[in-house]
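# An overview of the molecular structure
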Amino acid sequence: MSLRTFKTVVALVIGGFLIAAVYISVLVVQRQGALRQISVYNPAWEAGQATSEFMRLEQRLAEFASGKSKLDQDEVRLRYDILLGRAQILNEGSFKDLLQTSPEHGETLVEFQKRLAAVQPLIEEIGQRPEAAQEALEILNPLEGPLAQLASASHNHGAALVQKDQQELIRLHWAFSGIAVSLILIGVVLIILLNRHNRLLGHAHEELHVLAHQDALTGLPNRVVLRSQLEQALSSRRSNGRTIAVSYLDLDHFKDVNDSFGHETGDELLKAVAERLRDCIPSHEGQVRNLISRFGGDEFAILQTGIRRPEESAALASRIVEALRAPFSVNGQEIFIGTSIGIALAQGPVTSSQILKHADMALYHAKADGRGTFRFFEPDMDAQLQARRALEVNLRKAMGAGEFELFYQPQINIEANEIGGFEALLRWHHPERGLVPPGEFIPVIENTGLIVPLGDWVIEQACREAAGWPRNIHVAVNLSPVQFRSRGLVQSVSRALAESGLDPNRLELEITESVLLQDNEMTVSTLHQLRRLGVRIAMDDFGTGYSSLSYLRSFPFDKIKIDQSFVREMSQRADCLAIVQSVANLGSSLGMPTVAEGVETEDQLRQIQAAGCTDAQGYYFGRPKPAHELVHTLDALKHAVKVA
């Protein structure tokens, strides 16, 4: 029964109770009225009294007429007056009911009144004329029979009225009893319903308590429980060499699971993770107590109390990392994830909020270290976080203040011995710090999502500035994986080309293999849409990913760029030289130009040329410069390239 239905039933019961109470009041009034009518009104008694008084008057008149009695005339007059009063009563009040039902009795009463009026003068003369008594008897004698009949009829009528009133009383009694029993039943039902209501409220309270303290999906305690236990542990902490630790867990690549298999599979995976955590984390380890909780999403937390050394938390974190590294079987799918862990110890005076914040900072650094590992909180992490937040704020302001600028680094076509194009590189002119290194702010704008609007600006600016270069020189723009997830990349490129008037064939978009990792089918579809616009697509940092050859097969790139890490170590490591030669040969076989990045010396230039690379890029040809400082021929560069 729902709470709404229960309230409706209770309202109906209470309404019935009120109606019954009102009806009982009405019945009580009716019953009292009936009793009052019976006690006040008795026509048989009134008629009988009138007949008795009539006979007494006749007796007194007879005695007075005989002269043998010592009666005086006053007693006769008294009896006459009493009979006269009885006659008047018969003509008034409730006796009229009998007269209405029997008209002949009404005639008797009329005759009775006339004869009483006729004998009145005789009664007055009894003292002077004794024979007046005999005359009065003669006048009254004819009424003896009719009055007797009137008394009998009154008795029968009264008996009928009493029977009727008794029946009404019986009806009222049963009605009263029925209502009383109904009220008792209603009261019982109401008590039962109230008892049921109390049980429902009790169950609801228990459910609310569970919901307030337990995660509905995994059954683990939630953040409320962990914070409460943490505060209690901090308040009861003693200086006995034991301390408290909080470990934050964040599942690696969990979003990819949701995106690839759906949220239902993601939920089942979270349940499996919770079960595996229960298996590898005992609630007690000696004097150490462990509490596992789920904070929400793919985040879990572990509270350890009673630990002596940080190594105990490190050992637990290592167990967890190893346990979650093993594959999960969910809905027929084998899923690999892993976890990153941040650990904070309660050192010195610290609040629950502070220790949770420290664990979160340590988790952030564990992710930055490559995931699948753990880190302890260190004091300088807070300073780094504050600096990062300040950097985020400054970056948001920089977009509106026009503090970003594009620098360009030349790409040399070795075979044609000329500048083939320039790669656009983003630079930030901070008003206080000056030129900020790209490696410091590029990861931040990618993590905060600023890369999407800023990336659109880079494409528009690069196309606008390249439109004024010689027509044989292209411009290359790097694309972030975040830009592909925004789903607005194709429209942004199309708009930039239309507004700048740049030939689409002169725009080259560089992507890394990490772009293809996130959603192969969608990414390849986007690349084909860009290709239909007429732009060129280059694979950047080739050789540093996981499935480079499969990517070359899934999409026909226009150019391959060899990562600078291989170029820089060609002279010291034979394997790097072999990789550069292999990629150059692969590009030649597929009909794709190959660009060697990071060329800084003439020796490196000759090596990549001998390896078969078609293009080169690096400091050997000049550092990146703003658009207004660019030159467009090799002769104008600081270091001319001499190709034999």
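Residues numbered from 1 in each chain as written. Predicted model: local features only at pLDDT ≥ 70, side-chain atom pairs only at ≥ 80, totals over all residues. Heavy atoms only, no water.

This part is about the packing of helix α9 (residues 254-261) against helix α10 (residues 263-280). Contact geometry of α9 with α10 gives a least axis separation of 7 Å together with a crossing angle of 140°. Considered as vectors, α9 and α10 are oriented oblique to each other. Along the contact surface, α9 presents F254, V257, N258 and F261, while α10 presents H263, T265, G266, L269 and L270. Split by residue class, the contact of α9 with α10 holds five nonpolar, four polar and no charged. (Axes fitted to C-alpha atoms, helices over the stretch in contact; angles between N-to-C directions. Helix = DSSP H or I, 4+ residues; strand = E, 2+ residues; numbered from the N terminus. Parallel < 35°, antiparallel > 145°, perpendicular 65-115°, else oblique. Contact = heavy atoms within 4.5 Å. Nonpolar A, V, L, I, M, F, W, Y, C, P; charged D, E, K, R; others polar.)

Okay, the nonpolar core next. The biggest cluster of nonpolar side chains holds 72 residues, and the ones touching the most others in it are L507 and I608. Tallying contributions element by element places helix α15 (residues 451-466) first for this core, with seven residues. Leaving out residues up to four positions away in the same chain, I608 has contacts with I414, V567, M570, A596, V599, C613, D615 and A616. Counting 27 residues, the second-largest nonpolar core is a separate cluster that includes L249, A274, L277 and V321. (Core = buried A, V, L, I, M, F, W, Y, C linked by side-chain atoms within 4.5 Å. Buried < 20%, exposed > 50% of the residue type's maximum accessible area, 1.4 Å probe, protein only.)

This part covers the pairing of strand β1 (residues 243-251). Counting buried positions along β1 yields nine of nine residues, so the element is predominantly enclosed. Both faces of β1 are covered, namely the face carrying T243, A245, S247, L249 and L251 and the face carrying I244, V246, Y248 and D250. Bridging between β1 and strand β4 (residues 299-307) involves eight bridges; their strand directions are antiparallel. Considered in β4, the bridge of I244 is made with T305. Of the pairings in the sheet, the one linking β1 to strand β7 (residues 339-345) comprises seven bridges and is antiparallel in character. Within β7, the residue paired with Y248 across the bridge is G342. (Pairing = 2+ DSSP bridges.)

Next up on the list: unusual backbone geometry. Backbone geometry at H253 places phi at a positive 65°, although glycine is not the residue there. Mapped onto the fold, H253 is located in the loop between β1 and α9. Its identity as a non-glycine residue notwithstanding, N331 has a phi of 50°, on the positive side.

Bringing the packing of aromatic side chains into the picture now. For the structure on display, the rule yields eight aromatic pairs. A network of ring pairs unites the aromatic residues F404, W428 and F441 as a single cluster. The side chain of R276 reaches across the aromatic face of F328, ending 3.6 Å from its centre. R623 extends its terminal NZ or CZ atom over the ring of Y619, reaching a point 4.0 Å from the ring centre. (Phe/Tyr/Trp six-rings, centres within 6.5 Å; stacked < 30°, edge-to-face > 60°. Lys NZ or Arg CZ within 6 Å of the ring centre and 35° of its normal.)

With that out of the way, let us pick up helix α11 (residues 310-325). Owing to its 3.6 residues per turn, the α-helix brings residues three or four apart onto one side. For α11, built from 16 residues, the straight-helix expectation of 22 Å at 1.5 Å per residue is met to within 8% by its first-to-last C-alpha distance of 23 Å. Listing the buried residues of α11 in full gives S313, A314, L316, A317, I320, V321, A323 and L324. (Expected span 1.5 Å × (residues − 1).)

With that out of the way, let us pick up the pairing of strand β15 (residues 559-562). Burial along β15 is two-sided: the residues K559 and K561 and I560 and I562 are all buried. Alignment of strand β14 (residues 536-542) against β15, held across three bridges, turns out to be parallel. Bridge pairing in β15 places A538 opposite K559. Here β15 pairs with strand β16 (residues 594-596) via three bridges, running parallel. Its bridge partner lying in β16, K561 is registered against V595.

Tracing the backbone through its elements, the reader meets Q120 in helix α5 (residues 103-125). By relative accessible area, Q120 is classed as partly exposed at 39%. Considered as a pair, Q120 and D81 are 39 residues apart in the sequence and their alpha carbons are 9.5 Å apart.

Our focus in this paragraph is a nonpolar patch on the surface. Residues V22, Y23 and V26 make up a contiguous nonpolar surface patch of roughly 260 Å² in combined accessible area. Residue placement: V22 occurs in helix α1 (residues 3-40). Since its relative accessible area comes to 53%, V22 is described here as exposed. (Patch = residues over 30% accessible without salt bridge, like charges linked within 9 Å, V, L, I, M, F, W, Y side chains within 5 Å. Areas by Shrake-Rupley, 256 points an atom, 1.4 Å probe, with all protein chains shown as cover. Salt bridge = Lys/Arg side-chain N within 4 Å of Asp/Glu carboxyl O.)

Next up on the list: the side chain of D615. Relative to the elements of secondary structure, D615 occurs in strand β17 (residues 615-617). Of the side chains with opposite charge, K559 lies nearest to the buried D615, which makes no salt bridge, at 5.0 Å. A polar side-chain atom of D615 sits 2.7 Å from a polar atom in the side chain of T614. Filtering out sequence-adjacent residues up to four positions away, D615 remains in contact with I412, N413, I414, P593, T594, V595, A596 and I608. (Lys, Arg positive; Asp, Glu negative; His and termini not counted. Polar contact = N/O pair within 3.5 Å; in protein donor to acceptor, adjacent residues only side chain to side chain.)

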